[in-house]
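# Structural overview for review
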Amino acid sequence: MPRKVARKAFRVNPLDDALTAQEKLAAERRAADLALWQAWKQNPTQETLQPLMRRFEPVFKSKVMQFKAPNVSESAFKANLKLHALNAFETYNPELAALRTHLDNHLRKSLRFNAQHQNMAYIPEGQAAYIGAIDQAVDELT
């Protein structure tokens, strides 16, 4: 006697729908980012740079909250982030990574600015090399 195979009804999983919608939104975002970058790359002027910078303003705000030390000026830190963003836009290659990923990697360089300006008694590396010689001279004179 042939056995009947029960067919399961495929239900639509709401999580799959949400993930698909999220992936679609991310793809649209990447395409818009790339279009703004291409417009700026074709004609690097202030008018084409402003929309690109405005597009990443939430990223800058997030990085300020994440990285900025208490003693560092927020406006100076944000200016440094934007300087690194401009360098990231100049060196971006669409074949290697997404623009947001490339930008995030370049914004990590602002941690050095943070380290230099969070301590009011910071001594640059070149001058710090003389501390030993100065201490020896003080000891010798004493």
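The structure under discussion appears in the preceding block.
Now for a look at the structure at hand. Bear in mind the structure is a predicted one, so any value in this text is a computation, not a measurement.

About the cut-offs
- Residues numbered from 1 in each chain as written.
- Predicted model: local features only at pLDDT ≥ 70, side-chain atom pairs only at ≥ 80, totals over all residues.
- Heavy atoms only, no water.
- Helix = DSSP H or I, 4+ residues; strand = E, 2+ residues; numbered from the N terminus.
- Buried < 20%, exposed > 50% of the residue type's maximum accessible area, 1.4 Å probe, protein only.
- Polar contact = N/O pair within 3.5 Å; in protein donor to acceptor, adjacent residues only side chain to side chain.
- Contact = heavy atoms within 4.5 Å.
- Axes fitted to C-alpha atoms, helices over the stretch in contact; angles between N-to-C directions.
- Parallel < 35°, antiparallel > 145°, perpendicular 65-115°, else oblique.
- Left-handed = near helix turned anticlockwise from the far one by under 90°.
- Nonpolar A, V, L, I, M, F, W, Y, C, P; charged D, E, K, R; others polar.
- Salt bridge = Lys/Arg side-chain N within 4 Å of Asp/Glu carboxyl O.

### Quick look at the side chain of Thr 48
- Counting through the fold element by element, Thr 48 comes out in helix α2 (residues 46-55).
- Judged by relative accessible area, Thr 48 falls into the buried class, the value being 16%.
- Within the structure, Thr 48 has its side chain in polar contact with the backbone oxygen of Asn 43 (distance 2.6 Å).
- If sequence neighbours within four positions are ignored, Thr 48 has contacts with Ala 39, Trp 40 and Asn 43.

### Remarks on the packing of α2 against helix α4 (residues 74-91)
- At their nearest, the axes of α2 and α4 sit 12 Å apart, and the two run at 115 degrees to each other. When the interaxial angle is binned, α2 and α4 end up roughly perpendicular. As α2 runs across α4, the sense of the crossing is right-handed. From α2, Leu 49, Leu 52 and Met 53 reach across to α4, where they touch Lys 82, Ala 85, Leu 86 and Phe 89.
- When grouped by side-chain class, the residues that make up the contact of α2 with α4 number 6 nonpolar, no polar and 1 charged.

### Topic: the pattern of salt bridges
- Overall, the coordinates contain 6 salt bridges when judged by the stated rule.
- The partner of Asp 33 in a salt bridge is Arg 55, and the shortest N-O contact between them spans 2.7 Å. In this pair, Asp 33 is assigned in helix α1 (residues 14-42) and Arg 55 in helix α2, connecting sequence segments 22 residues apart.
- According to the relative accessible area criterion, Asp 33 is buried, its value standing at 3%.
- Looking at Arg 55, the relative accessible area reads 24%, which means it is partly exposed.
- Close ionic contact of Lys 82 with Glu 57 constitutes a salt bridge, the shortest N to O distance being 3.7 Å. Within this pair, whereas Lys 82 is found in helix α4, its partner Glu 57 is found in helix α3 (residues 57-67), the two being separated by 25 residues in sequence.
- Looking at Glu 57, the relative accessible area reads 18%, which means it is buried.
- Linked through salt bridges whose partners overlap, the residues forming this network are Arg 29, Asp 33 and Arg 55.

That is the geometry; function is a separate question.
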